[in-house]
Every structure is written in C-alpha cells, then in structure tokens.
Amino acid sequence: MSTHLLTLDELGTQGIAELLSLTDRFVEVGRRPIPRVPALRGRTVATLFFEESTRTRLAFETAAKRLSADVMSFSAASSSLSKGESLRDTVETIEAMGVDAMVVRHRSSGVPAQVARWVGDRVSVLNGGDGWHAHPTQGLQDAYTLWRHFCPAPDEPPGTTEPDAPTLAGRRIGIVGDIVHSRVARSDIEAYTALGASIVLVAPPTLLPAQPQEWIDGWLTPEAAKRVEITHHLDDVLDVLDVVGLLRCQRERMTEGLIGSIPEYVARYGLTFERTRRLRERTVVTHPGPMNRGIEIAGDTAEDLAADGRLLVTRQVTYGVAVRMATLFRLIGSGTALGADDRD
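An account of the accompanying structure is given in this report. Sequence positions are assigned chain by chain, starting from 1 and proceeding in written order. Whole-chain, interface and lining totals are the exception, using all residues; otherwise, since this is a predicted model, local features are given only for residues with pLDDT of at least 70 and side-chain atom pairs are given and counted only at 80 or more. Side-chain numbers here rest on the full set of heavy atoms in the structure, without hydrogens or water.

Time to look at the overall build of the protein. Numbered from the N terminus, helices here are DSSP runs of H or I no shorter than four residues, and strands are runs of E no shorter than two. When helices and strands are tallied, the protein shows 13 helices and nine strands. Relative accessibility decides the category of a residue: with a 1.4 Å probe and only protein chains considered, values under 20% of the type maximum give buried, values over 50% give exposed, and everything between is partly exposed. Evaluated residue by residue, the protein yields a buried proportion of 53% over its 344 residues. For the protein, restricting intrachain contacts to residue pairs at least 6 apart in sequence, the fraction spanning at least 24 positions comes to 79%. The method behind every accessible area is Shrake-Rupley, applied with a 1.4 Å probe, and residues are considered shielded solely by the protein chains displayed. Surface exposure of the protein reaches about 15000 Å², of which carbon and sulfur atoms provide 48%. Two residues form a contact once any of their heavy atoms are found within 4.5 Å.

As structure tokens, this is what we get:
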C-alpha cells in the first residue's frame, strides 16, 4: 500500500481485499469492553474538513482514538482561511506541527491529491471525500458491510480460523439516484466490481454522465466495466437485485432543472412500500446517509426494513469506524500486534 489513499483504483483488487480482511480484526476490537488498542500510540492524525460531514469526521476521529493516536481537528469555518490564508499555507502549518496523517475532505475534486503532492511521503493523506470524484473509505465500508451480511464472519476470534476471502461474486447490486454527482457511487462501483459483483446504475439521463459508458471505461478495468449496466427504470430491475443502494437526492438538483420535482423523483426512483413488495425476500438496502425519508425511501418503509434487518445503514456506520481503523493502521501503523491482550 502506498503512502496515501486517494482512490480505490490505487489499491486494486488485492489491496481492497486485504483491507477488508484486516477490518475483521478491528470489528472485533470494537466489541471489546474497552475498544482500544495501542497500535498508533505516539502518532497524530489531523482531520482537515473544508466541507462539513458529521459521519465521516466522527468515524475517522473515533477510529484514530481507538488506535490510541492523538487527533487534531481542523475546521475551515474558524480557521485562518477566513483571513485570507491559502490552502497550501494551512497544510504546511499543520504539517509543521508534526502530524503523521491528514484526512482531507473538500468540495472540489482533486484537492486531497494536491495536498498529497505538497507533503510528499512525509505525511500520509487520506481522501475523506472530494467533489464528485471519490470517497474511498465509504466504498470500503459499504463493500465490507455487504460482504459480512452475505458471508457472516465465524464466531471464533480472528486468527483462530482460516480467514475467508472477501467476495461479492454472483451478487447484483443496484445503485439508484444521482450517479454523476456522487463520489460515493464511483467508489462503491470500484469496490463492488473488484469483489466480483455486477452493478446496475439506475438514474434519469440528467443524473448520469453525458457519455456514461466512456465514463465507466475511463477508470474501471475492461473486465469490471463489462459488469456495469445502466437503466432509467427502477421498476425493470427491482426483482433481480440482491442490494438496492440508494443515493441521497440533493435538492439543488431540482433548482438546476436536473429533476422535475420531488414527487416526480419519488414516483420513478423512490423506494416506496409498493416497490419493497417486489424485492426478493433477502434483498437488502444501503444508504450513505443522511437519508431523506420520503424521497429516496418512504419513512414507514425504512422502519419496516430496519425491523427485518434488511436496512443496513446503522451497520454501515458501525463498520465504517473499523474500516477507517484498518486504513489508518495500514498507512501509518508500526506493526504493533493486535491480539486480544493488546488493550489499554
């Protein structure tokens, strides 16, 4: 694994599988009475969020603290950026404080990569989400959630049994909503296809790239690209999906004229009660959060699916901490053992 994690294509199939297997160890840590290991003691992780995100920030900060790292939290709103300081000056100032990793989130695509160029191999940079480009740890947590839903981990403690290889082979996963503007969609597609899944992108033409096949071919391997198909009609594929992955519908898309209205979107792409009746009995639903109840999914439908264990949102959040622990440990860990006795 390189010094940084900016996109999942940097990892490749083997790297993704290794990180998901390592995540098993940290899921076990999270279940301990004291969910902490000294793996990153003496290390410092800075979260640089130039765009707000409660879930991602808290997941990274919780992950770092459970690894016994020190955490520096940067907020753009209260920083010297408001006084005219440049982004580079901010990064160099934080680097000078002696951090080992920076988690960078920005509304503009490519900013984490630029930060990585500035700091070189002196600091590890993790992409916490940039523009429409990528959200690699979200893709990893979604892939881990589905893998462990369909292939539950054995009850034995990690290390006492031969680990199973992460796989989604044979699964058909729908990703529904604003594909073109979604960094989550791109990273999910990379993670799911790397593990062998087939993907169905479901969206109106206005929420897909102008040349969707060229877009897909531009960053997936030829083999993976063959397993991605596109449809504009959710009802045509509901009964063949193992997973319905809902994306958040952003209201600004209506003001931009990309969707007609909320009722129109719900009528064509919302997961209503009537549509859930057409799902396979074991089909599950994911969402990166926060959910717009009544838009992507009906409120009562969300409650019913959660009660049946088929809405995986809370598991995505829980596993998201473990995934980020695995990522931080792999990037800046010292190789400290993670056995059952290594706890504070």
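With that settled, the discussion passes to the pattern of salt bridges. Salt bridges, as used here, are contacts in which a Lys or Arg side-chain nitrogen is within 4 Å of a carboxyl oxygen on Asp or Glu. For the structure shown, the criterion picks out 16 salt bridges. Across the pair Arg43 and Asp100 runs a salt bridge whose closest N-O atoms are separated by 3.9 Å. With a gap of 57 residues between them, Arg43 in the loop between α1 (12-30) and β1 (44-49) and Asp100 in the loop between α3 (87-96) and β3 (101-106) connect regions that are remote in the sequence. Taking relative accessible area as the criterion, Arg43 reaches 27% and is therefore assigned partly exposed.

The next thing to look at is the environment of Asp217. Positionally, Asp217 belongs in helix α7 (residues 212-217). C-alpha of Asp217 to C-alpha of Val228: the two residues are eleven residues apart in sequence and 9.8 Å apart in space.

This next bit is on α1. The end-to-end C-alpha separation of α1 is 27 Å, in line with the 27 Å expected for 19 residues at 1.5 Å each. When we look at burial in α1, the residues that qualify are Gly15, Ile16, Ala17, Leu19, Leu20, Leu22, Thr23, Asp24, Phe26, Val27 and Val29. Looking at the buried residues of α1, the elements they touch are α5 (136-150), α6 (183-194) and α13 (313-332). Residue count minus one, scaled by 1.5 Å, sets the expected span of a helix.

With that out of the way, let us pick up the layout of surface pockets. Estimated volume of the largest pocket: approximately 780 Å³. With a 1 Å grid spanning the protein atoms alone, the term cavity applies to any set of points in which a 1.4 Å probe fits but cannot get out, the term pocket to an open set with protein on both sides within 12 Å along at least five of seven lines, and the term lining residue to any residue with an atom within 4 Å of a point. Considering the residues around the largest pocket, the lining is formed by 34 residues, among which Arg105, Arg183, Val184, Arg248 and Gly289 are closest to the centre. Looking at the lining of the largest pocket, the elements with two or more residues in it are α2 (54-66), α5, α6 and α13. For the lining of the largest pocket, the element with the highest residue contribution is α13, accounting for six residues. Gly counts as polar in this scheme, as do all residues outside two lists: the nonpolar Ala, Val, Leu, Ile, Met, Phe, Trp, Tyr, Cys and Pro, and the charged Asp, Glu, Lys and Arg. Residue composition of the lining of the largest pocket, grouped by class: ten nonpolar, 14 polar and ten charged. Grid points are joined across faces, edges and corners, and a volume is the space filled by probe spheres set on the points.

In short, the description is geometric, and any link to function would need to be established separately.
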